[in-house]
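# Notes for the structure review
Here is what each chain is made of, one letter per residue.
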Amino acid sequence: IEPHTHSHTMTEITKTFLRDLCKNQSGCYITPHVNDRLYIHFKGIQKLQNLEEYTGLKVLWAESNAIAKIEGLHQQRELRTLYLQQNCIQKIENLSLLGHLTNINLSENFISKVENVSSLKNLQTLNLSKNNITSADDLKHLVECESIEVLDLSNNRIQDEDVLETVFFKMRHLKYLKLDGNPFIRKVKFYRKKLILALPNLNYLDTMPVFADERRAAQAWERGGLAEEKLEREKIRQEEKEKHLNSVKALDKMLDDHREEMRLKREQERLDHEQKEMRQHEEEARRLQQDTNVDVPPEFTDLNFWSNGLDAFSFDIVRDSEDTQADVVASHSHDKTSKDNSVSVDADVQPKEKYNTDQRSNQLFMLEEEASSSTKQTTNDEVAA
């Protein structure tokens, strides 16, 4: 890997340069110690200097320059993230005072050995991709860095096959590991399975995530080889199938429960509606009784009472024994006169309807005829006398 070449003019960091830079950048301030970030990337800078007044920095962007050495950061005690990728750095140094540092990006430099980072107890992410690291000895310092969870060493020149056992198998806290692009990977059989088994917290390896199913398959391979792994993968597929079926059944049950709930709701609404109508009918009956001041028999509201037809209106007529014959004669004369008048007026009119009377009405008619005949006979006897 050759050093980066820059076509633009090299820039020296001065206090005036930094002040003008902060003045023209959004989110930065002229007062140095107020700034918590500083952007000095793509400036053609060769040396980090004159940063003593910027004590409040938490993030420093200094990538894509020509910086050859890590220096001038001894006052940045609050620094959390340091971006120094795409520079000309050959050694990791001068970082021991940055105790709060959690993220360092040193990719695309000329670093050939990992060193001087074990003192950074809060360091979680270290990116050293595209550097000049070649052997396991160049990486053994990583074993002392117990806080590192994300490590990128891709596209280096690592040749040693035993780097897995001597370095990476001992970093059991790793969650993200990127080693693709190194020659040793092609030499190690079952490279991915071995790393997954050795690192219980690993979630991402090279270009692919590590899922629970893959970890189960790797554990089965460790127990009984490829045959055991095949059985475990078949078991995983069966579990996935059952899980899918259970999900479908659960959905069906949920839909059935919803339908039953809606049915009960509609039934309850129907009952409520019927009760409401019944109350309205009762209220109307009470209001009608109050308006007419008539006692309505309770059977009048019973539908079964009306099923007997006109028989409900049948009644007995009891004549008063004290009625005089004169009253009977007068009544008969009035009825005869009314009948004669009706016949004279409606002589040509034929009745359109024939009314059927019950047995009690026939008896009443016969009693009236007998009374009329008796009255005529009495009147004739008086005239003859």
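Reading the values: the criteria
Residues numbered from 1 in each chain as written. Predicted model: local features only at pLDDT ≥ 70, side-chain atom pairs only at ≥ 80, totals over all residues. Heavy atoms only, no water. Helix = DSSP H or I, 4+ residues; strand = E, 2+ residues; numbered from the N terminus. Contact = heavy atoms within 4.5 Å. Buried < 20%, exposed > 50% of the residue type's maximum accessible area, 1.4 Å probe, protein only. Axes fitted to C-alpha atoms, helices over the stretch in contact; angles between N-to-C directions. Parallel < 35°, antiparallel > 145°, perpendicular 65-115°, else oblique. Left-handed = near helix turned anticlockwise from the far one by under 90°. Nonpolar A, V, L, I, M, F, W, Y, C, P; charged D, E, K, R; others polar.

This part takes up the side chain of Ser129. Along the polypeptide, Ser129 turns up in the loop between strand S5 (125–127) and strand S6 (150–152). When near neighbours in sequence (up to four residues on either side) are disregarded, Ser129 contacts Ser107, Glu108, Asp152, Leu153, Ser154 and Asn156.

A separate point is the environment of Ile40. With respect to the helices, strands and loops of the structure, Ile40 is situated in the loop between strand S1 (37–39) and strand S2 (59–61). Classification of Ile40 by relative accessible area gives buried; the value is 0%. Through-space distance from the C-alpha of Ile40 to that of Cys22 is 9.8 Å; in sequence the pair is 18 residues apart. In this structure Ile40 touches Ile13, Leu18, Leu21, Ile45, Leu48, Leu60, Trp61, Ala62 and Asn65, once residues within four positions along its chain are discounted.

A few words on unusual backbone geometry. Non-glycine residue Phe42 carries a positive phi angle of around 55°. Position of Phe42 relative to the elements: it lies in the loop between S1 and S2. Positive phi values are uncommon outside glycine, yet Asp206 reaches one of about 55°. Tracing the backbone shows Asp206 in the loop between strand S8 (204–205) and strand S9 (208–209).

Closest axis-to-axis distance for the helix H3 (residues 191–198)/helix H4 (residues 212–292) pair is 9 Å, and the angle between their directions is 120°. With respect to H4, the element H3 is oriented oblique. Helix-helix and strand crossings are classified by hand; for H3 and H4 the assignment is left-handed. Residues Arg192, Lys193, Ile196 and Leu197 of H3 pack against Glu214, Arg215, Ala218, Gln219, Trp221, Glu222 and Glu229 of H4. Of the residues in the contact of H3 with H4, the class split is 4 nonpolar, 1 polar and 6 charged.

So yeah, pure geometry; function would need other evidence.
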